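Breakdown of the fold
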Amino acid sequence: ELLVTLAEEGYRIQERPLSAAVSEAKRLLQDHFQEPVRLDWLAAQVHQSPCYFLRSFKEQTGQTPHQYLLQLRVNYAQRQLLTTEELVGQIAQQAGFADTTGFIRCFRKMVGMTPLDYRRRRVL
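Let me begin by describing the structure that accompanies this report. (Residues numbered from 1 in each chain as written. Predicted model: local features only at pLDDT ≥ 70, side-chain atom pairs only at ≥ 80, totals over all residues. Heavy atoms only, no water.)

Moving on, we come to the packing of helix 5 (residues 65-83) against helix 7 (residues 100-111). Helix packing for two helices is described by the angle between their axes and how far apart those axes are. Packing of helix 5 against helix 7 brings their axes to within 10 Å, and their N-to-C directions diverge by 95 degrees. The angle between helix 5 and helix 7 falls in the class roughly perpendicular. Judged by residue contacts, L70, Q71, V74, A77, Q78 and L81 of helix 5 engage F103, C106, F107, M110 and V111 from helix 7. For the contact of helix 5 with helix 7, the per-class residue count stands at nine nonpolar, two polar and no charged. (Axes fitted to C-alpha atoms, helices over the stretch in contact; angles between N-to-C directions. Helix = DSSP H or I, 4+ residues; strand = E, 2+ residues; numbered from the N terminus. Parallel < 35°, antiparallel > 145°, perpendicular 65-115°, else oblique. Contact = heavy atoms within 4.5 Å. Nonpolar A, V, L, I, M, F, W, Y, C, P; charged D, E, K, R; others polar.)

This paragraph deals with the nonpolar core. With 29 residues, the main nonpolar core has L29, F53, F57, F97, F103 and F107 as its most contacted residues. Among the elements that line this core, the one with the most residues is helix 5, at eight residues. The contact partners of F107, leaving out residues within four places of it in the chain, are V74, A77, Q78, L81, G112, M113, T114, P115 and Y118. (Core = buried A, V, L, I, M, F, W, Y, C linked by side-chain atoms within 4.5 Å. Buried < 20%, exposed > 50% of the residue type's maximum accessible area, 1.4 Å probe, protein only.)

This next bit is on the packing of aromatic side chains. Overall, the coordinates contain six aromatic pairs when judged by the stated rule. Aromatic ring contacts, followed pair by pair, group F97, F103, F107 and Y118 into a single cluster. Geometry around F97 places R73 over its ring, the cationic atom sitting 5.8 Å from the centre. (Phe/Tyr/Trp six-rings, centres within 6.5 Å; stacked < 30°, edge-to-face > 60°. Lys NZ or Arg CZ within 6 Å of the ring centre and 35° of its normal.)

Here it is, written out as structure tokens:
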């Protein structure tokens, strides 16, 4: 257990701090994850070209802005599935997905099971 803690602390120490632009972009994505978010809009908000912004975001976070956005949406959906009785389609819409099929596909890829299976397994 101590080795795991030390390894995690060592990993955190080696992490490079995020630039102001990437930090601001992450905050914007967190604030607007339920809305359609375009790369050109996000890059403009942090005063960078889309190409440069995409490259720097990926280098600093290990994810593209789109991957980060999808993770935020799936995290939100997971909370909703566990704390509400809302239908999967309603949760998909609230999370910012354009359609239920795309949401289910994305959720399965990221979580390893469908939203309904996730809800059922967590309730049991």
